[in-house]
Amino acid sequence: MDYLAKDIMNPNVIAVPASMDLRDLAKLFLEEGITGAPVVDANGDLAGVISQTDLVYYSLTRNDQLVFESDFYQTARMEGQHIQPGFQIEDTNTGCVADVMTPVVHSVTERAGIAAVSRLMVRNRIHRVIVRKGRKVTGIISAIDVMRVQGKSMRARAKK
């Protein structure tokens, strides 16, 4: 059987808005057990893709950390009391998805063959391909999805 993208895609795509806060995105990735997602604009059109790798790179390249000694925690007070040990001030300087996402989206239509999807993944060294209809996201195909289908095909050929 010649599989098409529509046959193997996951239609239950978790797309994230470009305006989403990066902390909320990280929480979403953990809660949903996913490593990346398509990014959509205010109209719901495909605008990019974001992954855990993008988040890690963003975290490692930020230069807004305190790099000098400070006695702030010994002198600071909250409601007239010294700050308790373990107290943290939350970082309020965070970005949004649009700041970090990859605007280049490797996508296919629902009619693309599995071989074309595989070549796209290998050639671009990517782990997921977005399936779209026009500018709207209709599904997502991961490398695991491709391997699963190719494994089925191999088993079917071996039985003949």
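Rules behind the numbers
- Position numbers for residues count from 1 along each chain, tracking the sequence in the order it is written.
- Per-residue local features of the predicted model are confined to residues with pLDDT of at least 70, and side-chain atom pairs are confined, for both listing and counting, to 80 or more; whole-chain, interface and lining totals are unaffected and use all residues.
- Only hydrogens and water are set aside; all other atoms, that is, all heavy atoms of the structure, feed into the side-chain values.
- A run of DSSP states H or I qualifies as a helix once it reaches four residues; a run of E qualifies as a strand once it reaches two. Both are numbered from the N-terminal end.
- The criterion used for residue contact is that any of the two residues' heavy atoms lie within 4.5 Å.
- Where accessible areas are quoted, they stem from the Shrake-Rupley method and a 1.4 Å probe; at the residue level, only the protein chains shown are allowed to cover.
- Strand pairing follows a simple DSSP-based rule, namely that at least 2 bridges must link the two strands.
- Interaxial angles span 0 to 180 degrees and are taken between N-to-C directions of axes, which are lines fitted to C-alpha atoms, for helices over the stretch in contact.
- Here, a salt bridge means any side-chain nitrogen of Lys or Arg that lies within 4 Å of a carboxyl oxygen of Asp or Glu.
- Burial status follows relative accessibility: with a 1.4 Å probe on protein chains alone, a residue under 20% of its type maximum counts as buried, one over 50% as exposed, and anything between as partly exposed.
- The directions considered for the arc run from the helix axis to the C-beta atoms.

### What to know about the overall build of the chain
And step 1. The secondary structure content of the chain amounts to 7 helices and 8 strands.
And step 2. For the chain, restricting intrachain contacts to residue pairs at least 6 apart in sequence, the fraction spanning at least 24 positions comes to 58%.
And step 3. For the chain, the exposed surface amounts to about 11000 Å²; the carbon and sulfur share of it is 53%.

### A few points about the sheet that holds strand E8 (residues 136-142)
And step 1. Taking strand neighbours across the sheet as the criterion, the 3 strands line up as E6-E7-E8 in an open arrangement whose pairing is mixed. The open sheet terminates on both sides in strands that have one partner only, identified here as strand E6 (107-109) and E8. The sheet shows a mean angle of 35 degrees between the axes of neighbouring strands, taken without regard to direction.
And step 2. Pairing analysis gives 6 bridges linking strand E7 (residues 128-133) to E8, with the strands arranged antiparallel. Among the inter-strand pairings, Ile130 is bridged to a residue of E8, identified as Ile140.
And step 3. Sheet strands touched by helix H6 (residues 114-124): E6, E7 and E8. Its angle to E7, the strand with the most contacts, is close to 130 degrees.

### Describing unusual backbone geometry
And step 1. The phi angle at Arg125 is positive, at roughly 50 degrees, despite the residue not being glycine.
And step 2. With respect to the element layout, Arg125 can be found in the loop between H6 and E7.

### What to know about the sheet that holds strand E2 (residues 36-40)
And step 1. Overall, mixed pairing links the 3 strands, which are arranged E1-E2-E3 in an open sheet. Each edge of the open sheet carries a strand with a single partner, namely strand E1 (16-17) and strand E3 (46-51).
And step 2. Summarising the sheet, E2 and E3 pair through 5 bridges and their orientation is antiparallel. By the bridge assignment for E3, Val40 is matched with Leu46.
And step 3. Contacts between helix H2 (residues 22-32) and the sheet are confined to E1, E2 and E3, with E3 contributing the most and set at about 65 degrees to the helix.

### Observations regarding the pattern of salt bridges
Once the charged atoms of two side chains with opposite charge are near each other, the side chains can pair.
And step 1. Considering all chains together, one arrives at 2 salt bridges under this definition.
And step 2. For Asp45, the salt bridge goes to Lys136, with nearest N and O atoms at 2.7 Å. In this pair, Asp45 is assigned in the loop between E2 and E3 and Lys136 in strand E8, connecting sequence segments 91 residues apart.
And step 3. Salt-bridge contacts for Arg148 lead to Asp145; the nearest nitrogen and oxygen are separated by 3.0 Å. With Arg148 and Asp145 both in helix H7 (residues 143-159), this residue pair falls 3 residues apart, about one helical turn.

### Examining H2
And step 1. Within the span of H2, buried status applies to Leu22, Leu25, Leu28 and Phe29. Buried residues of H2 fall within an arc of 110 degrees about the axis and therefore sit on the same side. Away from its buried face, by an angle of more than 90 degrees, H2 presents the exposed residues Leu30 and Glu31.
And step 2. If you follow the buried residues of H2, they end up packed against E1, E2, E3, helix H3 (52-61) and helix H5 (97-100).
And step 3. One or two positions beyond H2, positive phi appears at Gly33, with a value near 65 degrees.

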